[in-house]
Amino acid sequence: MLLPIQTSPTSAEPLYHQIKVQLKALILGGKLAEGTPLPSIRELSLDLSCSVITIRRVYQDLENEGLIRTKQGTGTFVARVQEDDRERHRLEAVTVKFREAVDTALRYKCSAEDMRRFLNEAIELGGRSDPE
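Residues numbered from 1 in each chain as written. Predicted model: local features only at pLDDT ≥ 70, side-chain atom pairs only at ≥ 80, totals over all residues. Heavy atoms only, no water.

*Asks:* So what exactly am I meant to see when it comes to the pairing of strand β3 (residues 75-78) here?
*Replies:* Within a regular strand, side chains alternate between the sheet's two faces. Bridge count between strand β1 (residues 37-38) and β3: two bridges; the pairing is antiparallel. Across the sheet, the residue bridging to P37 is F77, located in β3. Looking at chain direction, strand β2 (residues 68-71) and β3 are connected through four bridges and run antiparallel. Note on β3: the bridge partner recorded for R69 is F77. Counting the residues between successive antiparallel strands, the hairpin from β2 to β3 contains three residues, one of them, G73, with a positive phi of roughly 80 degrees. (Pairing = 2+ DSSP bridges. Helix = DSSP H or I, 4+ residues; strand = E, 2+ residues; numbered from the N terminus.)

*Asks:* I'm lost on the environment of E63 in this one. Help?
*Replies:* Position of E63 among the secondary structure elements: in helix α3 (residues 52-64). For the pair E63 and A79, spaced 16 residues apart in sequence, the C-alpha to C-alpha distance is 8.6 Å. Among residues more than four places away in sequence, those in contact with E63 are I68, R69 and T70. Of note is the side chain of E63, whose polar atom sits 3.1 Å from the backbone nitrogen of T70. (Contact = heavy atoms within 4.5 Å. Polar contact = N/O pair within 3.5 Å; in protein donor to acceptor, adjacent residues only side chain to side chain.)

*Asks:* For this particular structure, what's the right way to read the nonpolar core?
*Replies:* Nonpolar side chains in soluble globular proteins tend to end up buried together. Grouped together as the largest cluster of nonpolar side chains are 21 residues, with contacts concentrated most on L23, I27, L32 and Y59. At the level of elements, α1 (15-28) and α3 are the ones that each hand at least two residues to this core. Residue contributions to this core peak at six residues, all from α1. With residues up to four places along the chain from it excluded, the contact list for L32 reads M1, L3, L23, L26, I27, L38 and V78. (Core = buried A, V, L, I, M, F, W, Y, C linked by side-chain atoms within 4.5 Å. Buried < 20%, exposed > 50% of the residue type's maximum accessible area, 1.4 Å probe, protein only.)

*Asks:* Whenever I open this one, the side chain of H89 confuses me. Can you help?
*Replies:* Looking at where H89 falls in the secondary structure, it is placed in helix α4 (residues 83-107). Setting aside residues up to four positions removed in sequence, H89 forms contacts with A25 and L28.

*Asks:* Mind showing me how you'd approach α3 here?
*Replies:* Every α-helix carries 3.6 residues per turn, so stepping three or four residues along brings you back to the same face. Relative to the 18 Å expected for 13 residues at 1.5 Å per residue, α3 spans 18 Å between its end C-alpha atoms, a close match to the ideal helical length. Within α3 the residues assigned to the buried category are T54, I55, V58, Y59 and L62. In a view along the axis of α3, the buried residues occupy a sector of 130 degrees, so they form one face of it. Across from the buried face of α3, at angles greater than 90 degrees, the exposed residues are I53 and N64. Where α3 is buried, its residues touch α1, β1, α2 (41-47), β2 and β3. A side-chain oxygen of the first residue of α3 lies 2.9 Å from the backbone nitrogen of I53; this N-cap is S51. Phi turns positive, to about 80 degrees, at G66, one or two residues after α3. (Expected span 1.5 Å × (residues − 1). Arc of directions from axis to C-beta.)

*Asks:* Sorry, what's going on with the sheet that holds β1 here?
*Replies:* Sheets are built from strands that pair by backbone hydrogen bonding, the pairs being arranged parallel or antiparallel. If you trace the three strands from one edge of the open sheet to the other, you get β1-β3-β2, paired in antiparallel fashion. Of all strands in the sheet, those with a lone pairing partner are β1 and β2, marking the two edges. Taken strand by strand, α3 contacts β1, β2 and β3, and its axis lies near 110 degrees from that of β2. (Axes fitted to C-alpha atoms, helices over the stretch in contact; angles between N-to-C directions.)

Shape descriptors only; they carry no functional weight alone.
Here it is, written out as structure tokens:
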């Protein structure tokens with residue numbers, strides 16, 4: 001299974017963190033359903049061109065968080081995630097992005113009125129970055 005995870009060697013975020021955040025979002029966002037088999041550690045490390053140790057750490061952390069489970073000899077699978085956990089993650093992820101956007105706007109001396117206009121325009125565009 002090829003997971004839709006994109007990494008960037010030029011990112012300020014460590015590779016481990018990039019992978020973990022994206023895999024966690026796939027699980028909590030419902031893109032990977034309960035029971036979905038995940039690639040082996042070796043397979044995912046080859047797909048993402050990274051160390052087996054990096055993927056092992058990601059899997060161990062996600063297993064400790066209760067998001068995946070490993071069955072010896074069978075593989076690693078997405079665990080059951082409670083709906084309130086999914087909802088909490090969804091709201092936290094969006095809140096973080098909004099705060100980052102506000103921080104960026106303030107650094108560029110945008111007013112609250114400018115920010116509201118930008119938000120309304122983004123809503124009207126349906127999240128697309130360019131009008132058609």
